[in-house]
Amino acid sequence: MSKIVIHIDSLSKKYRGSQEFAVENLSLTIVQGEIFGLLGPNGAGKTTLISMLCGLITPSEGTFTIHDFSYHESPKQLKASIGVVPQDFALYPSLTAKENLCYFGSMYGLKGKMLGDKADAALASLGLAGYKDKQVGTFSGGMKRRINLLAAVLHEPAVLFLDEPTVGVDVHSKKAIMGYLLELNAQGTTIVYTSHHLQEAQEFCTRVGIIESGKLWRIGSPEALIASIPQANNLEDVFIDLTGRGFRDG
Ligand SMILES: Nc1ncnc2c1ncn2[C@@H]1O[C@H](COP(=O)(O)OP(=O)(O)OP(=O)(O)O)[C@@H](O)[C@H]1O
């Protein structure tokens, strides 16, 4: 049986001053080696859920563990086992590509020649070897997205969270990013990602969860979800069918 990597139990978040839950009573398990896609319309709660799992915001209620670690009891071990690719660029524009990677790698305890070698190899793997000594502030959006991703994986996390990793990138960068993620997954990395690209999610994910108003309304493989809706040919049809009905048939 596959090992449970992420176990979420009745997790809720209500932001200060808000009347509504951004995430409400959400439970979910994700097993080793999955590529799990969190899909939902704007404001559904995707970023809020990922931000809780990454330790960026505190849940209002409920618990979760990643590799049996919780932030409450084992925050260091938990943080070491995950990588986080945020929606907004978390990069230093005045530093070079390599300096950025070395900075983030050093935060996870990497150092010296090993850190430099890892940064060089990572940059080469996403077609950025020739740009390693250039300031990130001069890069295109697609190049920044690639560096943003590499900064999160230098310490070889077992679980990688990505919030819209291909937003605003051209087809070449997108192909490079998705290919790189598939390679990481083939080496054993569990991936949880959010996206508005339903075709991309259909091709990429082993399982998806459709979230709206902070609640998980559907969960399953793309094939199973498509089969569950008469006349649906793809995930986009499923999504439109569910959102069109306001998710109220769940
Ligand atoms: N810092 C915050 N303070 C108050 N409310 C917030 C905050 N961040 C998000 N929200 C609200 O929580 C709800 C969920 O937002 P969230 O950003 O998690 O959705 P999302 O699914 O990631 O949306 P998008 O696809 O647009 O990125 C929304 O109603 C949003 O307005």
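The structure this text deals with has already been given above.
Nothing here was measured: the structure is a model prediction, and the numbers come from that model.

Visitor: So what exactly am I meant to see when it comes to helix α5 (residues 141-153) here?
Guide: An α-helical segment advances 3.6 residues per turn. Residues three or four places apart therefore align on the same side. Between its first and last C-alpha atoms α5 spans 19 Å; for 13 residues at 1.5 Å apiece the expected length is 18 Å, and the two agree. Taken residue by residue, α5 has G142, M143, R145, R146, I147, N148, L149, L150, A151, A152 and V153 as its buried positions. On its buried face, α5 sits against β5 (82-85), α3 (97-107), α4 (112-125), β6 (159-163) and α6 (171-186).

Visitor: For this particular structure, what's the right way to read the site of the ligand?
Guide: Surveying the vicinity of the ligand reveals the residues Y15, A22, P41, N42, G43, A44, G45, K46, T47, T48, Q87 and H196. Within the contact set of the ligand, a nitrogen atom lies 3.5 Å away from a side-chain nitrogen or oxygen of Y15. At 2.9 Å from an oxygen atom of the ligand is found a main-chain nitrogen or oxygen belonging to G45. Computed on the free molecule, the ligand has an accessible area of 640 Å², of which 58% lies beneath the protein chains in the complex. Grouping the constituent residues of the shell around the ligand by class yields four nonpolar, seven polar and one charged.

Visitor: Which parts of the structure should I look at to understand the packing of α3 against α4?
Guide: Each pair of packed helices can be summarised by the angle the axes make with each other and by the distance between the axes. Their axes nearest at 9 Å, the elements α3 and α4 cross at an angle of 125 degrees. It follows that α3 is oblique to α4 by the angle criterion. Here α3 runs over α4; the crossing is right-handed. Across from A97, K98, L101, C102, G105 and S106 in α3, the residues of α4 making contact are L115, G116, A119, D120, A122 and L123. Along the lines of polarity and charge, the residues of the contact of α3 with α4 split into seven nonpolar, three polar and two charged.

Visitor: Which parts of the structure should I look at to understand the sheet that holds strand β3 (residues 35-39)?
Guide: Pairing within the open sheet is mixed, and its six strands lie in the order β5-β6-β7-β3-β8-β9. Pairing within the sheet leaves two strands with one partner each, and these edge strands are β5 and β9 (215-220). Strand-to-strand twist in this sheet, taken as the mean axis angle between neighbours without regard to direction, amounts to 15 degrees. The pairing of β3 with strand β7 (residues 190-194) spans four bridges and is parallel. Bridging across to β7, G37 finds its partner in Y193. Helix-sheet contacts for α5 involve β5 and β6, and the interaxial angle to β5 is about 165 degrees.

Cut-offs and rules
Residues numbered from 1 in each chain as written. Predicted model: local features only at pLDDT ≥ 70, side-chain atom pairs only at ≥ 80, totals over all residues. Heavy atoms only, no water. Helix = DSSP H or I, 4+ residues; strand = E, 2+ residues; numbered from the N terminus. Expected span 1.5 Å × (residues − 1). Buried < 20%, exposed > 50% of the residue type's maximum accessible area, 1.4 Å probe, protein only. Contact = heavy atoms within 4.5 Å. Near = heavy atom within 4 Å. Polar contact = N/O pair within 3.5 Å; in protein donor to acceptor, adjacent residues only side chain to side chain. Areas by Shrake-Rupley, 256 points an atom, 1.4 Å probe, with all protein chains shown as cover. Nonpolar A, V, L, I, M, F, W, Y, C, P; charged D, E, K, R; others polar. Axes fitted to C-alpha atoms, helices over the stretch in contact; angles between N-to-C directions. Parallel < 35°, antiparallel > 145°, perpendicular 65-115°, else oblique. Left-handed = near helix turned anticlockwise from the far one by under 90°. Pairing = 2+ DSSP bridges.

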